Amino acid sequence: MSRIVIVGGGAAGIELSTLLAKANRKKHEIILVEPETDHYWKPRLHEIAAGTFDRELDSVCYFTHGAINGYQHYQAAMTDIDRENKMLCVRRNDGTEAAVKYDYLVVAVGAVSNDFNTSGARDNCIFLDSASQARHAWNKISQLLREGDDRTVNIVGAGATGVELAAELARVSHKLQRYNAAKLTINLIEAADRVLPNSPQKMSAKVLKELQRTNINVLLNTRISEVSEHGMVTADNQSLEADIQFWAAGVKAPEWLKGVGGLEYNRMNQIIVNANLTTTVDDSIFSLGDCASIPQADGSFVPPKAQAANRAAVHLSKSLTSLLRGKELTDFEFKDGGMVVAVGHHFAVGSFAPQSKMANKLVFKGRLIRRLYDTIFRLHQRTVEGMFTVSRLIITKRLKALFQPNGM
Ligand SMILES: Cc1cc2nc3c(=O)[nH]c(=O)nc-3n(C[C@H](O)[C@H](O)[C@H](O)COP(=O)(O)OP(=O)(O)OC[C@H]3O[C@@H](n4cnc5c(N)ncnc54)[C@H](O)[C@@H]3O)c2cc1C
């Protein structure tokens, strides 16, 4: 019996733990090391920050989920790897240190926003890298909404996170106006010359139009040089005062990861892996998701996207299961299925992958595309919880929505 230790129960890690446990039940031991008690689908953290996330229906308790599906949840955070003795070093939530023995180790600890060492950003901005940060954001936002006067929110970064957060906050503020809540003025600040700089031009244009229609101030070509408690200063000395400030720009693997276990890392702190997802220096250690730099046959690298994390997890579950049965590992090839970004609760914009010939010709938008956006989450939920549970959750959610105030 081999012991496979998976670190990080996010988009990639929880799918991998579930699939490996199902395929190897009673044959091999699967342990998921994750410091949180519950799993949240990260692309929905902006909904937690805006108070519109249904925690009861859309989160998963690692402990019970593991017990039902055949893996063990070990609640702790990875701190180091002792490769010589095949031990994962962890810190438990009570602060004590421990070590977990592994035969195979998979690192899937995700990524965090990159503040590019901007002065004051870390101390004066809220980051949306974890569910606890998103909950902290909602505590602050709900406090502002209660105060009743007009308030301003600065959001740095108009990638998927910034766009989705701005649109959801605008919607909540608008909906709550009739209950005398504060009116939020939202500044979405982007250093590039368009929103969603990594998506096709045409998609950026459609999203910009929708953001402006919902009265979000989009400031393009605007680089922030300094952040203080009550505002930001741009590179050309413009001052942008605000009551709450978010940093949603840039992506890098967490700072603590760099150098761990003597593995090979790139400038974004990502672990460099081979196409079969083994690390370049140790073939009993794998990495996938946002914290891994995964090469593609055309010389490019797999992008840090939920879709890529999920596909890599499905691939590795099959490939690792084959290895445990004495076969060879196989290479992971990512075929980008395009991009969908939610602009509020009832509207989304989608396009083909940037490399596709159709990417700049065809862009889809509207309520139906918003349903497609939800489907991507439901597909993840289906892998983790099964089709029956997902159907039950969808029906319960619809019924619950009927009784919520003002369709929140
Ligand atoms: C608000 C928001 C909106 C987004 N929207 C989109 C979108 O529309 N489309 C899209 O494709 N992508 C989107 N993304 C990006 C997407 O969420 C990520 O690409 C995806 O979640 C990466 O999956 P992962 O498993 O690598 O990491 P994650 O899902 O981030 O999971 C990492 C896990 O590791 C755990 N962890 C961290 N440190 C440790 C440690 N020391 N020890 C053990 N465990 C640890 C964390 O608690 C977490 O559970 C969005 C992200 C955000 C924040």
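The name that an unreviewed UniProt entry assigns to the chain is NAD(P)/FAD-dependent oxidoreductase, with the source organism given as Photobacterium aquimaris. UniProt's Sequence similarities (unreviewed entry) comment on the chain is quoted here verbatim: "Belongs to the NADH dehydrogenase family." Under Cofactor (unreviewed entry), UniProt gives the following word-for-word description of the chain: "FAD".

Trainee: Mind laying out the site of the ligand, listing which residues take part and the relevant values?
Mentor: Of all residues adjacent to the ligand, which total 31 residues, the nearest are A12, E34, M78, D290 and A306. The contact in question runs from an oxygen atom of the ligand to an N or O atom on the backbone of A12, over 2.9 Å. Measuring from an oxygen atom of the ligand, one finds a backbone N or O atom of D290 at 2.8 Å. In the complex, the protein chains occlude 86% of the 1,000 Å² of accessible area that the ligand would expose alone. At the level of elements, β6 (76-82), α7 (160-175) and α9 (306-324) are the ones that each hand at least two residues to the shell around the ligand. The element that contributes the greatest number of residues to the shell around the ligand is α7, accounting for 3 residues.

Trainee: Outline the sheet that holds strand β9 (residues 104-107), supporting the account with residue identities and numerical values.
Mentor: Spatially, the 5 strands line up as an open sheet ordered β5-β2-β1-β9-β19, and their pairing is parallel. This sheet does not close on itself; its edge strands, each paired only once, are β5 (72-74) and β19 (285-287). The average undirected angle you get between the axes of adjacent strands in this sheet is 20°. In this sheet, strand β2 (residues 29-33) lies alongside strand β1 (residues 3-7) in parallel orientation, the contact comprising 5 bridges. By the bridge assignment for β2, V7 is matched with V33. α9 contacts β1, β9 and β19 of the sheet and is inclined by roughly 170° relative to β9.

Trainee: If you had to explain the packing of helix α1 (residues 13-23) against helix α10 (residues 367-385) to someone new, which residues and values would you point to?
Mentor: Where α1 contacts α10, the two axes come as close as 8 Å, and the packing angle between them is 35°. Note on packing geometry: the crossing formed by α1 with α10 is left-handed. Contact residues: I14, E15, T18, L19 and K22 in α1; H380, T383 and V384 in α10. In the contact of α1 with α10, the residues fall into 3 nonpolar, 3 polar and 2 charged.

Trainee: Could you give an account of the domain arrangement of the chain, with specific residues and numbers?
Mentor: Domain boundaries in the chain define domain 1 (3-112 + 252-324) and domain 2 (114-250). Here domain 1 and domain 2 have C-alpha centroids that lie 30 Å from each other. With both sides pooled, the region where domain 1 packs onto domain 2 buries about 1,400 Å², and carbon together with sulfur makes up 64% of that total. Looking at the side of domain 1 facing domain 2, the largest losses of area belong to H46, A49 and A50, adding up to 36% of the total buried there. Run the count over domain 1 and domain 2 and you get 0 salt bridges. Counting across the interface, domain 1 meets domain 2 through 2 residue pairs in polar contact (both at pLDDT 80 or more). Of the residues forming the side of domain 1 that touches domain 2, the biggest block, 5 residues, is contributed by helix α2 (residues 45-49). Of the residues contributing to the side of domain 1 that touches domain 2, the split by class is 7 nonpolar, 3 polar and 5 charged.

Rules used throughout
Residues numbered from 1 in each chain as written. Predicted model: local features only at pLDDT ≥ 70, side-chain atom pairs only at ≥ 80, totals over all residues. Heavy atoms only, no water. UniProt positions renumbered as here; feature names shortened; annotations may be inferred. Near = heavy atom within 4 Å. Polar contact = N/O pair within 3.5 Å; in protein donor to acceptor, adjacent residues only side chain to side chain. Areas by Shrake-Rupley, 256 points an atom, 1.4 Å probe, with all protein chains shown as cover. Helix = DSSP H or I, 4+ residues; strand = E, 2+ residues; numbered from the N terminus. Pairing = 2+ DSSP bridges. Axes fitted to C-alpha atoms, helices over the stretch in contact; angles between N-to-C directions. Contact = heavy atoms within 4.5 Å. Left-handed = near helix turned anticlockwise from the far one by under 90°. Nonpolar A, V, L, I, M, F, W, Y, C, P; charged D, E, K, R; others polar. Domains from an automatic or database assignment. Buried area = accessible area lost by both parts, 1.4 Å probe. Salt bridge = Lys/Arg side-chain N within 4 Å of Asp/Glu carboxyl O.

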